[in-house]
Amino acid sequence: MQLEYFHMIDRIVDLKVDEKTIVVEAQVPQESTIFEGHFPGYPLMPGVLLIESMAQASGWLQLGVFRFERMPILAAVREAKVRGSVFPGDLMSIEASLTHEGSGYAMTEAKIRVGGKLRANAALTFTLIPFPNADMRSHMDAIAKRVGFPQQAVSS
């Protein structure tokens, strides 16, 4: 996880395109400038970054389901709940499932667990757009390799 660059996902553990589900992992760094202010002496992963982590897991799921033909952009966060703290060094397991797709939008349900315990969950809505340019698509392809995106999952 590279918080400063908003790279919230370290690796894709399981992508089931047919079932429209994904599991990813993210290791919260031991040290980050973010923890200097949130909070001094009691560092916590900010709730907004937990939501971003669920959104990125959901985004990778959608890239798989839609075969990298459309790019998901977070449009709405519904019913987000932080149910427990996430600390530096924690290994987050993030699950997402696609619950609806149509009319240029997609919806997911996502959960974060640490050590098997639920720490956060949210219902998320995304706008689906064409990739804006070749550079963005190339960038996403490079990140897909870094996180171990299973290309065979989207092969025809």
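Residues numbered from 1 in each chain as written. Predicted model: local features only at pLDDT ≥ 70, side-chain atom pairs only at ≥ 80, totals over all residues. Heavy atoms only, no water.

## Some details on the overall build of the protein
When its secondary structure is counted, the protein shows three helices and six strands. Each helix (α) and strand (β) of the protein, taken in turn from the N terminus, gives the series β-β-α-α-β-β-β-β-α. In terms of overall dimensions, the protein has C-alpha extents of about 50 × 30 × 25 Å along its principal axes. The 156 residues of the protein split such that 43% are buried. Restricting the contact set of the protein to residue pairs at least 6 apart, pairs at least 24 apart contribute 68%. Of the accessible surface of the protein, which amounts to about 8000 Å², a share of 52% is contributed by carbon and sulfur atoms. Across the protein, 15 positive and 17 negative side-chain charges occur, with their mean positions spaced 6 Å apart. (Helix = DSSP H or I, 4+ residues; strand = E, 2+ residues; numbered from the N terminus. Buried < 20%, exposed > 50% of the residue type's maximum accessible area, 1.4 Å probe, protein only. Contact = heavy atoms within 4.5 Å. Areas by Shrake-Rupley, 256 points an atom, 1.4 Å probe, with all protein chains shown as cover. Lys, Arg positive; Asp, Glu negative; His and termini not counted. Charge placed at Lys NZ, Arg CZ, Asp CG, Glu CD.)

## Quick notes on the pairing of strand β5 (residues 105–114)
Every second residue of β5 is oriented toward a common face, the buried set being Ala106, Thr108, Ala110, Ile112 and Val114 and the non-buried set Tyr105, Met107, Glu109, Lys111 and Arg113. Of the pairings in the sheet, the one linking strand β4 (residues 91–102) to β5 comprises 10 bridges and is antiparallel in character. Looking across to β5, one finds that Ser97 is bridged to Glu109. Remark: two residues form the turn of the hairpin made by β4 and β5, two consecutive strands paired antiparallel; Ser103 in that turn has positive phi of roughly 55 degrees. (Pairing = 2+ DSSP bridges.)

## Some points on the packing of aromatic side chains
Evaluated as defined, the whole model comprises four aromatic pairs. Judged by centre distance (5.9 Å) and plane angle (40 degrees), the rings of Trp60 and Phe149 are tilted. Here Trp60 is found in helix α2 (residues 47–65), whereas its partner Phe149 is found in the segment after α3 (134–147), with 89 residues between them in sequence. Under the relative-accessibility criterion, Phe149 is labelled buried at 6%. With centroids separated by 5.1 Å and ring planes inclined at 90 degrees, the aromatic side chains of Phe68 and Phe149 adopt a geometry described as edge-to-face. Taken as a pair, Phe68 in the loop between α2 and β3 (71–82) and Phe149 in the segment after α3 lie far apart in primary sequence, 81 residues in all. The ring of Phe66 has Arg70 sitting right over it, with the charged end atom 4.3 Å from the ring centre. Taking the ring centre of Phe131 as reference, the NZ or CZ of Arg137 above it sits at 5.4 Å. (Phe/Tyr/Trp six-rings, centres within 6.5 Å; stacked < 30°, edge-to-face > 60°. Lys NZ or Arg CZ within 6 Å of the ring centre and 35° of its normal.)

## Some thoughts on α3
For α3, spanning 14 residues, the distance from its first C-alpha to its last is 20 Å, which sits close to the expected 20 Å at 1.5 Å a residue. Every buried residue of α3 is accounted for by Met140, Ile143, Ala144 and Val147. The buried residues of α3 occupy one face: seen down the axis, they fall within an arc of 110 degrees. Turned more than 90 degrees from where α3 packs its buried face, Ala134, Asp135 and Lys145 sit exposed. Packed against the buried residues of α3 are β1 (11–16) and α2. Between the side-chain oxygen of the N-cap and the backbone nitrogen of Asp135 there are 3.1 Å, and the N-cap of α3 in question is Asn133. (Expected span 1.5 Å × (residues − 1). Arc of directions from axis to C-beta. Polar contact = N/O pair within 3.5 Å; in protein donor to acceptor, adjacent residues only side chain to side chain.)

## Structural notes on α2
Helix length check: α2, at 19 residues, gives a terminal C-alpha distance of 27 Å against a target of 27 Å (1.5 Å per residue), a fit within 8%. Of all 19 residues in α2, 16 are buried, a share of seventy percent or more. Arg67 occupies a position one or two residues after α2 and carries a positive phi of about 55 degrees.

Interpretation note: all reported values are geometric properties and have no functional meaning in isolation.
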